Amino acid sequence: MSFKVPAALEAQLDELATHYPQRRSASLMFLHALQEHFGHVSNEAVEWTAAKLGLQPINVHELVTFYPMFRQQPLGRTHVKVCRTLSCALAGSAAIRRHFVEKLGLDAGRHGPQTTPDGGFTVEFVECLASCGTAPVVMVNDDLVERCTTADCDRIVAAGSGKGGSR
Amino acid sequence: MPEPVASSHPITIDPTMSNAVTNAPAAPPPVEKVRVKVDGREIEVPKTMPDWQGKMQPTTMLQACKIAGVEVPHYCYHHKLPVAGNCRMCLVEFSTPMMDPATRKPVLNEDGSPKMARSVLPYEPQTPRGAIACATPISPGMEIHAASPATKQMREAVLESLLINHPLDCPICDQAGECKLQEYSVQHGQAASRFVEPKVHKPKAVDLGPRIMLDDERCILCTRCVRFTRDVAGDDALGIVNRGSYNTIASAPGRSFDNNYTLNTVDLCPVGALTSKDFRFKMRVWFLKETPSVCTSCATGCSVTVGSREGIVHRYEPRENDAVNGPWMCDSGRLNYRWIHRPDRLGKVLLRGAESDWTSAIAELAALLGSAPKGSVAFVASSRQTTEELWLVSRIARKLGALTDTVAREGEPDRLLVSADKNPNSQGARLTGVSFTEAGVTIPEIARGIDEGRIRTLVVLGEDVTKAGISSETLARVGNLVVSDILPNATTAAAHVLLPGCAHVEKRGTFINGKGRIQRFGKAIEPRGDARAEWEWLQELAVALGAVEPSRSIEGLFNRMASDVPALAGVEWARLGDLGVTVPV
């Protein structure tokens, strides 16, 4: 896939950069916009941002790897975020994640987000989803699943299966 | 490569050293002083001191401790890099004089001495609070407790934290023996680890660039390499990626860390994370003999330390010299030593192709040159020869009325250290009169002299003249071709008298760099085969011809030369020291 920023988006970003006394301060906003458009921040997007803002690629690469909400790979069609902060951890979030990961044939021992080979699902641990009273909670794309059980996990996997490749 | 930050030229030249034929500093301008105590001992330190760029900044606790002769352990701080303050190793406890908040006057003890307030945590006044000595300015009356129990405890804790994910693989680590983690662990650390959890694993043997290998597990994230390449080399290529315990040094994906100064990051790395591909797994550093020397790859003449063992050179490292190279050197110069050990080195004295010895060769040369008609001899000597050798050439040539010249060697300069002049001693050749300001202008005249039969004898030291304006056909017309060189070439192949020469690491002498810095270098290894230092046989020849009085040592020869060459007036071997002196050029 060749990397091409649409002219309208580029114009919007060029204008955005003028809002900052130092161009490099616009880095995060550039990356958000590019992720919004492409679904993830590719290495081409990093190089493009660096060139636009007069930076070296490493400066932008540092940012992208620091913030977990920047995605370096395309996400699965169904994005499962399992909360692992205290309440959810006590209420069994580790078992919930393990259930998802094993059901989807992913590696339970691996750190960070994982996507199924067909691009159907991405599963990851996240920090607090601000619903401690209904722990454990899971976010499936933009929907919150409260008091999540393994039965809910199975339902989510069934609902998301067969929808095809990544977003 | 992007331009380095403007006005950030990293090499600060001590103004007292630049134009004097002396190392003695000029009378210092009056400096405002501050009195502080280090471990109970009162000292006076300047209120401001030079920072990494030489700009005056408030004196830090670390600098004050150094003046007091007290070492504060540190990793990320380096006197020629911007302060980062991230390793926390230099934490020290300190006290400041108590102030009465109402009167803004110092609170005094009964004996009249100022009452001191120890630094403590604001919310926990019984717990001492450290400050990082590298980035905390001193204040009048401050006391730095560099050896207090609280300071020791802070160091222990910092070291323990730095070692949490460290692989502790010293037995296979190249840095072992010159590793700050090892040294500080012995001096300030705990004997046993309390860490029982699994360690975080990070990338190993990362191919960062053509000359650098990175082990991220050994890295303590001090960012010296990041700051060096960004702020000194002007190539913003390295950074810290990922987060928390997964932090790693990296270059951008698909980008190679390949500027001409990358190997300085290996010197800077306080641990074994950045290693030189050239040196790694070759030699334990404690076996290396260290000889102060000078790099010969260009007219900058960076001060270097040659690391050798049992006659083999294993590495060059920059040796700090603010009048020349600061603490840095370029990669191309640093790696330009392998030729010393080439198997085809010339190692035999040859008289018309037959093996001979030095005594016969010098006797024959003395007879040949002594009986040569005036003007029938010419010399082409390399500007890679030492100043003493060039002076001897010049003296012999003067005696014989011979033409002399050197061969120019030009290349691409850069804005940090690399000079366009690729000869290490062009100034030595000029000052001793072997070449004119422009090297090589006499060579066409020498070639013409040979072609017209006026010049019958050509003496060549360390150059292939067939590549420098004297063609093979012209060379074939020379009646007596005397050649001294280290490696074979077209000129050595045509020589009637062939004398094996020495690499500079095999002899002693001096070079004068492009700016007139005259530096001496030591002998690291023995010459190969029958090779002899050129100054030795040149002197024997010069004495036989009555061109100089004999000197028994390089010291004596140097001093004799210095009294003969106007630009070197007043310079003595003993006063050159390890950093050299600057002479007018």
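Everything numeric here is computed off the predicted structure, so don't read it as measured data.

Caption draft 1: Inspection of the overall build of chain B at higher detail. When helices and strands are tallied, chain B shows 16 helices and 28 strands. Projected onto its principal axes, the C-alpha coordinates of chain B cover approximately 95 × 55 × 40 Å. Counting only residues that meet the buried cut, chain B has 46% of its 585 residues in that class. Of the contacts formed within chain B by residues at least 6 apart in sequence, a portion of 67% connects residues at least 24 apart.

Caption draft 2: Representation of the overall build of chain A in the model. Per the secondary structure count, chain A includes seven helices and five strands. Listed by position from the N terminus, the elements making up chain A come as α-α-α-α-β-α-α-β-β-β-β-α. Within chain A, the proportion of its 167 residues that are buried is 32%. Within chain A, counting contacts between residues at least 6 apart in sequence, those at least 24 apart form 60% of the total.

Caption draft 3: The sheet that holds strand β26 (residues 509-512) of chain B, seen in detail. Residues and elements named next belong to chain B. With antiparallel pairing, three strands are arranged side by side in an open sheet as β26-β27-β28. Sheet topology places β26 and β28 (581-582) at the edges, where each strand pairs with a single neighbour. Bridge count for strand β27 (residues 517-521) against β28 is two bridges, and the pairing is antiparallel. If you follow R517 over to β28, its bridge partner there is T582.

Caption draft 4: Representation of the domain arrangement of chain A. Examined at the domain level, chain A breaks down into domain 1 (7-66) and domain 2 (78-160). The distance between the C-alpha centroids of domain 1 of chain A and domain 2 of chain A comes to 30 Å.

Caption draft 5: Structural context of the interface of chain A and chain B. Residue-level contacts link nine residues of chain A with 13 residues of chain B. With seven residues, the top contributor of residues to the side of chain A that touches chain B is helix α4 (residues 57-66) of chain A. Among the residues forming the side of chain A that touches chain B, the class breakdown is three nonpolar, five polar and one charged.

Caption draft 6: Up close: helix α14 (residues 534-544) of chain B. Residue and element names in this part refer to chain B. With eight of 11 residues buried, α14 is to be regarded as a mostly interior element. If you check which residues of α14 are buried, you get E534, W535, W537, L538, Q539, E540, L541 and A542. Directly after α14, the chain includes G546, whose backbone phi takes a positive value near 75°.

Caption draft 7: Summary view of the domain arrangement of chain B. Residue and element names in this part refer to chain B. With domains assigned, chain B is organised as domain 1 (31-162), domain 2 (167-287) and domain 3 (350-582). Taken residue by residue, the interface counts 16 residues in domain 1 and 16 residues in domain 2. Residues of the side of domain 1 that touches domain 2, tallied by class, amount to 10 nonpolar, two polar and four charged.

Caption draft 8: Region of interest: the sheet that holds strand β18 (residues 312-318) of chain B. All names here are of chain B. Ordered by their spatial adjacency, three strands build an open sheet running β16-β17-β18, and the pairing between neighbours is antiparallel. At either end of the open sheet lies a strand with only one pairing partner, and these are β16 (289-294) and β18. Averaged over all pairs of adjacent strands, the angle between their axes in this sheet comes to 30°, without regard to strand direction. Across six bridges, the pairing between strand β17 (residues 303-309) and β18 is antiparallel. From the neighbouring strand, S308 faces β18, where its bridge partner is V313.

Caption draft 9: Looking closely at the nonpolar core. In this structure, B:M61, B:C65, B:C90, B:V92, B:A133, B:I144 and B:V393 are the most contacted members of the largest nonpolar core, which totals 149 residues. With seven residues, the single largest contributor to this core is helix α9 (residues 387-400) of chain B. Ranked by size, the runner-up nonpolar core spans 20 residues in total, among them A:I96, A:F121, A:A135 and A:V157.

Caption draft 10: Representation of the packing of helix α6 (residues 93-103) of chain A against helix α7 (residues 150-160) of chain A in the model. All names here are of chain A. Orientation of α6 relative to α7, taken along the N-to-C sense of each, is 35°, at an axis distance of 10 Å. At the point where α6 passes α7, the crossing takes the right-handed sense. Here I96, H99, F100 and K103 of α6 lie close against α7, whose contacting residues are T150, C153 and V157. Residue classes in the contact of α6 with α7 are distributed as four nonpolar, two polar and one charged.

Caption draft 11: Structural detail: the pairing of β18(B). Along β18(B), five of the seven residues are buried, which leaves the element largely enclosed by surrounding structure. What sits between β17(B) and β18(B) in their antiparallel hairpin is a turn of two residues, with B:E310 showing a positive phi close to 45°.

Caption draft 12: Structural view of helix α3 (residues 149-162) of chain B. The end-to-end C-alpha separation of α3(B) is 20 Å, in line with the 20 Å expected for 14 residues at 1.5 Å each. Contacts made by the buried residues of α3(B) are with β5 (91-97), β10 (143-145) and α4 (180-188) of chain B.

Reading guide: rules and limits
Residues numbered from 1 in each chain as written. Chains lettered and ligands numbered in written order. Predicted model: local features only at pLDDT ≥ 70, side-chain atom pairs only at ≥ 80, totals over all residues. Helix = DSSP H or I, 4+ residues; strand = E, 2+ residues; numbered from the N terminus. Buried ≥ 20, exposed ≤ 12 C-beta atoms within 10 Å, placed from the backbone. Contact = placed C-beta atoms within 7 Å. Pairing = 2+ DSSP bridges. Domains from an automatic or database assignment. Nonpolar A, V, L, I, M, F, W, Y, C, P; charged D, E, K, R; others polar. Axes fitted to C-alpha atoms, helices over the stretch in contact; angles between N-to-C directions. Core = buried A, V, L, I, M, F, W, Y, C linked by C-beta atoms within 7 Å. Left-handed = near helix turned anticlockwise from the far one by under 90°. Expected span 1.5 Å × (residues − 1).

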